[in-house]
Amino acid sequence: MKKILRLNQLTTKLSRRAMLGGAATAAVAIVQTAQGKSVQGSISVAELLPDDPTKRVGTLAGEVGTRSSFEKLVKKPSEISSRSPLQDFYGIITPSDLHFERHHAGVPVIDPAKHELLIHGLVDKPLVFTIADLKRFPSVSRIAFLECSGNFRTGKETMSPQDICGLTSQSEWTGVKLATLFREVGVKPSASWFLAEGGDAAVMTRSIPVKKGWDDAIIAYAQNGEALRPEQGYPVRLFLPGWEGNTNVKWLRRIELGDAPWHTREETSKYTENVKGGKIRQFSFDMDARSIITFPAYPKTVEKGWIEIRGIAWSGRGKVARVEVSTDAGKSWQLATLQDPILDKAHTGFRYLWHWNGADTEIMSRVTDETGYIQPTFTQLIEARGSDGGYHFNPITAWQIKSDGRVLNRPER
Amino acid sequence: MESLNSTLLWLSAIVTFWVNFLPDSEGQGWLYDKTPVVVRDTFPATFGIGRAATPVEIARLDIDVRPDGKGLPPGEGKPTVGKLIFAQKCAACHGVGGVGGPNESLVTTASEGTKKRPEKTVGNYWPYATTVFDYIRRAMPFSEPGSLTNEEVYNLTAYLLTANGIIDEKAVINAQTLFVPDDWKGGPEIK
């Protein structure tokens, strides 16, 4: 019998390998052989899964914890993004490895010892900061969501919350206030916009009003207590609470202060949306309030009786004021219970206890934020925009509950 | 004796508890030190962190171009030259002549305008020619980002503007006619 000294890595190919009939590898670990020699070896599911866990000493303490091999949480990648499995979460903090990804030329590999942030333009003293420099400044942390403004998909019944709006995630972000750096470089009163530029292959740029920089922008180097994930901009990113994901420029290498926006590709040909009158809205930074029921939701099924409806709600303009749930296809609405903490510009949990009688129905949620804005229906959004999709689409999402217990998305078109 | 000691310890712990945590007279919670904590966050005028950026290193990174032309390098471009570069370096992704490629068309054809959802291209959606220059220079071609010379970028920009029928200053689609800034500050209205 091998003695497991340290579990190193769980493979994600467990089920496929198991199906192939070979000895399924559940983990790679440091194991002790019968001769007492420590070697790296694979451990099968059978070895990890005793009939009675109380009769077998478990894995010894390791350097890095891992998710249970029974939990299969995965992002869903496309060519340009990867979506968070919202239906698999129980809280408001997104595990860092499951935070959604969106980038425009891949995830760069950046040596933090060589990375620098330049701030120049309409400033008294153009300065260059190393990552170590940034960490010497007074720091700040806040929990806030980050959502891609192109975060709405519909069209099929077999869509999960991840498929519909998985481009939203939440973390505790830590860094230095941009205002602190603005003071250090001496931003001139004539500066009204700044350009944020990434150090990835897209060298992505966005123009941001200077006011946001003074208000609450963070130059973030940490996420959920550790350094940023590479997909989230390691070693440093711009974080703008409540603003569309694209403005939160990752792998930040340069900030230029100016007196007008630059009208970059991302803020003209992309990240703009139709509004009434044949015009196109630009610089729509705030993320509109939104909610979604994450349980019950496709692909889960339900049983007759008591069901705790659960979900998340958020607004880029402040706190969630209330969430209402309908269990009769929108005919009537009941107040859901909000789960503390209810934070400014943050995913907020809600719950509503429902007794399902087993008949076909539709359930849905709608949020009201502290500005009085009520999450609209798809039809209301089309009316307001003159188009049936695009950026900043945040409609009420309905789930069909079938009498056989299936839960299906109600496609909007 | 040991048992007595133990009992005394417990009693002492309980007494300590009650002394420290008596309900306050207003009945609003437990007594605790209510002396306000004075926050003395002394923010200096400068932390003296970071080093001065030299004009040379700023110039090396400062590649952005604004609609007023600020940031454009010296040079010029010819559509005929740009057409050749486009065929060689861009058409694989953006289609022959900038139409119908796997990674977005860049040129609007007459038939596109009649569609319910015409594809957004440089010709029908990009408000500023400077953005075309800026973006090509910083990020294209996708497989070799940042590899083009300024002259190549000028030539490609000239070609795309010509191919889209945007000639000279006479037919420019600009921010004043197409784009409106978002000025919504929240509230019940759906916008």
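Please refer to the structure higher up on the page.
Bear in mind that the values here come from a model prediction, so they are computed numbers and not experimental data. (Residues numbered from 1 in each chain as written. Chains lettered and ligands numbered in written order. Predicted model: local features only at pLDDT ≥ 70, side-chain atom pairs only at ≥ 80, totals over all residues. Heavy atoms only, no water.)

## Examining the overall build of chain A
Link 1 in the chain: Scanning chain A for helices and strands turns up seven helices and 27 strands.
Link 2 in the chain: Per-residue burial over chain A gives 56% buried out of 413 residues.
Link 3 in the chain: Excluding contacts between residues fewer than 6 apart, the proportion of contacts in chain A whose partners are at least 24 apart in sequence is 67%.
Link 4 in the chain: Put simply, chain A shows about 17,200 Å² of open surface, and 52% of that area lies on carbon and sulfur atoms. (Helix = DSSP H or I, 4+ residues; strand = E, 2+ residues; numbered from the N terminus. Buried < 20%, exposed > 50% of the residue type's maximum accessible area, 1.4 Å probe, protein only. Contact = heavy atoms within 4.5 Å. Areas by Shrake-Rupley, 256 points an atom, 1.4 Å probe, with all protein chains shown as cover.)

## What about the interface of chain B and chain A?
Link 1 in the chain: Of the residues lining the interface, 49 residues belong to chain B; the matching set on chain A comes to 59 residues.
Link 2 in the chain: A combined buried area of about 4,500 Å² lies between chain B and chain A, and 55% of that area is made up of carbon and sulfur atoms.
Link 3 in the chain: The tally of links from chain B across to chain A stands at seven salt bridges.
Link 4 in the chain: Residue B:Lys70 is joined to A:Glu256 by a salt bridge in which the shortest nitrogen-to-oxygen separation is 3.7 Å.
Link 5 in the chain: Run the count over chain B and chain A and you get 19 residue pairs in polar contact (both at pLDDT 80 or more).
Link 6 in the chain: Listed by contribution, the elements that provide at least two residues to the side of chain B that touches chain A are β1 (51-52), α2 (55-61), α5 (129-139), α7 (175-178) and β2 (179-181) of chain B.
Link 7 in the chain: It is α5(B) that provides the largest number of residues to the side of chain B that touches chain A, a total of five residues.
Link 8 in the chain: Residues that form the side of chain B that touches chain A fall into these classes: 26 nonpolar, eight polar and 15 charged.
Link 9 in the chain: In terms of strand pairing, strand β8 (residues 127-130) of chain A meets β1(B) through two bridges, oriented antiparallel. Across the sheet, the residue bridging to A:Val128 is B:Arg51, located in β1(B). (Buried area = accessible area lost by both parts, 1.4 Å probe. Salt bridge = Lys/Arg side-chain N within 4 Å of Asp/Glu carboxyl O. Polar contact = N/O pair within 3.5 Å; in protein donor to acceptor, adjacent residues only side chain to side chain. Nonpolar A, V, L, I, M, F, W, Y, C, P; charged D, E, K, R; others polar. Pairing = 2+ DSSP bridges.)

## As for the sheet that holds strand β6 (residues 101-102) of chain A
Link 1 in the chain: Read from one edge to the other, the open sheet built from three strands follows the order β4-β5-β6 (chain A), with strand pairing classed as antiparallel. This sheet does not close on itself; its edge strands, each paired only once, are β4 (76-77) and β6 of chain A.

## Focus: the environment of A:Gln375
Residue and element names in this part refer to chain A.
Link 1 in the chain: Along the chain, Gln375 turns up in the loop between β25 (361-369) and α7 (378-385).
Link 2 in the chain: For Gln375, a relative accessible area of 1% corresponds to the buried category.
Link 3 in the chain: Residues Gln375 and Ala313, spaced 62 residues apart in sequence, show a C-alpha to C-alpha distance of 9.9 Å.
Link 4 in the chain: With near-sequence residues (within four places) excluded, Gln375 lies in contact with Ala289, Arg290, Ser291, Ser365, Arg366, Val367, Asn394, Pro395 and Ile396.
Link 5 in the chain: A polar side-chain atom of Gln375 sits 3.2 Å from the main-chain carbonyl oxygen of Pro395.

## Description of helix α5 (residues 178-185) of chain A
Residues and elements named next belong to chain A.
Link 1 in the chain: Counted residue by residue, α5 has seven buried out of eight residues, so it is predominantly covered.
Link 2 in the chain: Inspection of α5 places Leu178, Ala179, Thr180, Leu181, Phe182, Glu184 and Val185 among the buried residues, and these make up the whole buried set.
Link 3 in the chain: Within two residues after α5, Gly186 carries a phi angle of roughly 70°, on the positive side.

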